[in-house]
Amino acid sequence: MCVGRALQVDVIYKMKLIEALEIAKRPVAAAAPQMRVFLACGFTPLYLQTFMAAHLRLLLPEVRFIVKTGLFGDLVGSVERLDPSSVDSLAVVIEWADLDPRLGLRTHGGWKPMDLAGIVKSAEETATRILRALTEISSHVPTVVSLPTLPLPPLFATRPIHAGFLETRLHCTVASLAESLSQQPGLRVARPQQLGEMSPPTGRHDVKSDLTTGFPYSLHHASSLGDLFARMIHNRPPMKGLITDLDDTLWAGIVGEDGVDGISWHLDRHTQMHGLYQQFVASLAGAGVLVGVASKNDAAVVSRAFERDDLLISKDDIFPFETHWSCKSESVRRIVQVWNVGADSVVFIDDSPMEIAEVQAAFPQMECRLFPKNDYQGILDLLKHLRDLFGRSIVTEEDSLRLSSIRESGIWRDPSQFAEVSSDAFLKSAEACIVFDGGHATGDGRAFELVNKTNQFNLNGKRFSESEWRQFFTDPDTFIVTASYKDKYGPLGKIAVVMGKLQDKRVHLNSWVLSCRAFSRRIEHQCLKYLFDAMGANEITFGYQATPRNGPIQEFLTGLLTGPPAPGARLTREQFVARIPGLFHRVEGTVHV
Amino acid sequence: MSERETRLIRCFASVFPGLSVDELRSMNSESAGNWDSLSTVTLAAVVQEEFDLEIAPEVLPRLDSFDAFRTYLHRLSQAGE
């Protein structure tokens, strides 16, 4: 199944039930990939199932979704009995009544003061059982969970304006459950604040529906929850780069006119929001987002501005700076080229509607956003939107290395600027070291990310859902090899992934990706050499497929196979040895196949 | 066909996809094999949302055909005028 980036859907879409029914029942191509989602909830799933299916269809129109449900009234049992191989994704909706039925409206179990401590204790015990069940299942199936979204009924003796001890303890139980769940690697917890913005608490509970049909949600709440779950299940890859303007964007004022000391981003100058933007962009850079500047400005003046020690983002967090008087689209083009990423994974921010329009016209697939200067709420909303575009579950070591390695990659694009003029001599002088890690592990988040986001040096463009990824490694003949790289110019981190099967000294490659930051270093040759030498292969077949963007691997294979590659192309050890160029890396590695 | 009836047909079509307008207009719970309790509840929810009204639980069992829904909506509109 393709898990590529779909349309950016961060707008709160108030889908009506009739629309959901129509969308969910739209025909899908017979050959469409299928995704099986299991919806576990303690109530009749009714329209939540419909809304979830519809929102998933909107996000991934080319996928056939099958949303299955378990036994109503037995949330934990449904999860505990679930066969992990029967589903691709699990959505778990926990409500108060699942912790103890007396916390809902459909039982008459008693709300006497003497009952309350028992209710809370029972809820704690159920929470422990839920944690155990979800910890177990999420190690096999990607799982998304929401904690209680409905208001508690008026069972506690205190006035509604007063949070008493037992009620607070109940909330602590849920918070503690959320904390424990959020630390599970295969599990994502829905963020209550986001749901609150999509569906205000007072409009969530449909008491009549709860009592007459067993479905407790208002249609709007069901739609919001379905939307949230669909987005968590889809889990689209984050955007890669942010290009920002400077004047009246990164700071308030025009540095060329107001001077370096005249620009501001502070409370006392009523320009605090620009400081928050700086702080936010610095946090993106820290998480591995590429940050570049496109500003019509005097480069020397900008350089002096970046020497101000109260700036909240360092010039080291930004690369490259395009500060001159040429048109913005040209600056953006150069930045995207240096980063070597697709324009559709880049966001452009500017305070000028004209500049936004000019860049948008040049890059229709790029997300171009106006910086709403002087609009406090508008800027905060922009930051939230950017967090949605760039947010990621984990920040890896490679993320922190990305910008510096791209900065250094200029050296690799033009080695002639150095003393060594021949390529071999230059590669020798780089003092490169490649560390291979071969094995059968499925829990490598960086490898999963690389395979799912690399476009250019990618054997076939195959993307994996989390469940497909886990499924691939259930075959004992499969292997995965990752390569990390460093040289005297700095480390690149983990930059290559090779996945396939080894049978009778024959390797079949299912996936092979190499980060574009690592081109021109002959790492790809070293990967194949590893398969022949360390894994003892005599022959490699390539599960190659041409894609609109995998020209670099096509070119590489054409050179190696002495002709354009075809699906199933073969390379023997002898052919490889005869065609391999000089390799100068120090190679370290382990193989656990 | 009135605008109200057109909207009602869309409601029915969303719950019973793949049927012609004539088939939808002549539907009732006895003749349609796929009209079950879930369809009734879903149909009621769609109609409530589409026409911004609330159907009382005791009325629901009587809404067992397209005609019954059409008549119900007609009476409601007359009562509101």
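Residues numbered from 1 in each chain as written. Chains lettered and ligands numbered in written order. Predicted model: local features only at pLDDT ≥ 70, side-chain atom pairs only at ≥ 80, totals over all residues.

Trainee: Summarise the overall build of chain A; cite the residues concerned and give the values.
Mentor: For chain A, the count of helices and strands is 22 helices and 18 strands. Computed over the C-alpha atoms, the radius of gyration of chain A is 27 Å, within 12% of the 25 Å expected from 2.2 N^0.38 for a compact globule of 593 residues. Overall, the C-alpha framework of chain A stretches about 85 × 70 × 45 Å when taken along its three principal axes. Classification of the 593 residues of chain A by burial places 41% in the buried group. Put simply, 74% of the contacts in chain A that link residues at least 6 apart link residues at least 24 apart. (Helix = DSSP H or I, 4+ residues; strand = E, 2+ residues; numbered from the N terminus. Rg over C-alpha atoms; globule rule 2.2 N^0.38 Å. Buried ≥ 20, exposed ≤ 12 C-beta atoms within 10 Å, placed from the backbone. Contact = placed C-beta atoms within 7 Å.)

Trainee: Explain unusual backbone geometry residue by residue, including any values.
Mentor: With omega at -5°, the peptide bond leading from Phe-319 of chain A into Pro-320 of chain A counts as cis. Its place among the elements puts Pro-320 of chain A in the loop between α12 (299–305) and β8 (321–324). We note that Asp-248 of chain A has phi near 60°; this positive angle belongs to a residue other than glycine. With respect to the element layout, Asp-248 of chain A can be found in the loop between β6 (241–244) and α10 (255–258). Residue Asp-248 of chain A is classed as partly exposed on the basis of its C-beta count, with 19 C-beta atoms lying within 10 Å. You will see that Asp-52 of chain B, though not glycine, has its phi angle at about 50°, which is positive. Within the fold, Asp-52 of chain B resides in the loop between α3 (37–51) and α4 (66–80).

Trainee: With reference to specific residues and values, describe the sheet that holds β8 of chain A.
Mentor: Residues and elements named next belong to chain A. Ordered in space as β8-β7-β6-β9-β10, the 5 strands form an open sheet in which the pairing is parallel. Looking at strand neighbours, the two that pair on one side only are β8 and β10 (367–370), the edges of this open sheet. Along the sheet, successive strands turn relative to each other by an average axial angle of 15°, direction set aside. Taken together, the 4 bridges between strand β9 (residues 346–350) and β10 define a ladder with parallel strand orientation. Pairing of Ile-349 across the sheet is with Arg-369, part of β10. Set on the sheet, helix α13 (residues 328–339) makes contact with β6, β7 (290–296), β8 and β9; between it and β7 the angle comes to about 155°. (Pairing = 2+ DSSP bridges. Axes fitted to C-alpha atoms, helices over the stretch in contact; angles between N-to-C directions.)

Trainee: How would you summarise the packing of α13 of chain A against helix α14 (residues 353–362) of chain A if you had to cite specific residues and measurements?
Mentor: All names here are of chain A. At a minimum axis distance of 8 Å, the contact between α13 and α14 shows a crossing angle of 50°. Between α13 and α14, the interaxial angle falls into the category oblique. As α13 packs across α14, the resulting crossing turns out to be right-handed. The segment α13 lies against α14, with Lys-328, Ser-329 and Val-332 engaging Glu-355, Glu-358, Val-359 and Ala-362. (Parallel < 35°, antiparallel > 145°, perpendicular 65-115°, else oblique. Left-handed = near helix turned anticlockwise from the far one by under 90°.)

Trainee: Would you mind going over the domain arrangement of chain A in detail, with residue names and values included?
Mentor: Residues and elements named next belong to chain A. Each assigned domain of chain A is listed with its residue range as follows: domain 1 (17–234), domain 2 (241–390) and domain 3 (397–590). Its C-alpha centre places domain 2 at a distance of 34 Å from the equivalent point of domain 3. Each side of the interface is counted separately: domain 2 has 9 residues, and domain 3 has 8 residues. Its residues placed into classes, the side of domain 2 that touches domain 3 shows 6 nonpolar, 3 polar and no charged. (Domains from an automatic or database assignment. Nonpolar A, V, L, I, M, F, W, Y, C, P; charged D, E, K, R; others polar.)

Trainee: Account for the interface of chain B and chain A, with residues named and values stated.
Mentor: The partner chain A presents 10 residues to the 11 residues of chain B that form the contact. At the level of elements, α1 (3–15) and α3 of chain B are the ones that each hand at least two residues to the side of chain B that touches chain A. Of all the elements, α3 of chain B adds the most residues to the side of chain B that touches chain A, at 5 residues. Split into classes, the residues belonging to the side of chain B that touches chain A amount to 7 nonpolar, 1 polar and 3 charged.

Trainee: Go over the nonpolar core with me, naming the residues and quoting the values.
Mentor: For soluble globular proteins, the rule of thumb is that nonpolar side chains tend to be buried together. Formed by 84 residues in total, the largest nonpolar core has its most connected members in Leu-48, Met-52 and Ala-91 of chain A. Sequence-distant contacts of Ala-91 of chain A, that is, excluding residues within four places in its chain, are made with Val-37, Leu-39, Ala-40, Met-52, Val-144, Phe-229 and Ile-233 of chain A. (Core = buried A, V, L, I, M, F, W, Y, C linked by C-beta atoms within 7 Å.)

Trainee: Mind laying out α1 of chain B, listing which residues take part and the relevant values?
Mentor: Residues and elements named next belong to chain B. For α1, spanning 13 residues, the distance from its first C-alpha to its last is 19 Å, which sits close to the expected 18 Å at 1.5 Å a residue. Those residues of α1 lying buried are Leu-8, Cys-11, Phe-12, Ser-14 and Val-15. Down the axis, α1 shows its buried residues gathered within 160° of arc, on one side only. Away from its buried face by more than 90 degrees, α1 exposes Glu-3 and Thr-6. (Expected span 1.5 Å × (residues − 1). Arc of directions from axis to C-beta.)

Trainee: Give me the lowdown on the sheet that holds strand β5 (residues 187–189) of chain A, citing residues and values where you can.
Mentor: Residues and elements named next belong to chain A. Ordered by their spatial adjacency, 5 strands build an open sheet running β2-β1-β3-β4-β5, and the pairing between neighbours is parallel. The strands lining the two open edges of the sheet, one partner per strand, are β2 (64–69) and β5. Along the sheet, successive strands turn relative to each other by an average axial angle of 20°, direction set aside. Bridging between strand β1 (residues 34–41) and strand β3 (residues 89–93) involves 5 bridges; their strand directions are parallel. Its bridge partner lying in β3, Ala-40 is registered against Val-92. Lying on the sheet, helix α2 (residues 46–59) is in contact with β1, β2 and β3; it crosses β2 at an angle near 160°.

Trainee: Can you break down the packing of α2 of chain A against helix α9 (residues 219–234) of chain A residue by residue, with the values?
Mentor: Residues and elements named next belong to chain A. Across the interface, α2 lies against α9 with an axial gap of 8 Å and an inter-helix angle of 45°. With respect to α9, the axis of α2 lies oblique. Note that α2 runs across α9; the crossing there is right-handed. The residues of α9 that touch α2, namely those facing Tyr-47, Leu-48, Phe-51, Met-52, Ala-54, His-55, Leu-56 and Leu-59, are Leu-219, Ala-222, Ser-223, Leu-225, Gly-226, Asp-227, Phe-229, Ala-230, Arg-231, Ile-233 and His-234. Each residue belonging to the contact of α2 with α9 can be placed in one class, and the counts come to 13 nonpolar, 4 polar and 2 charged.

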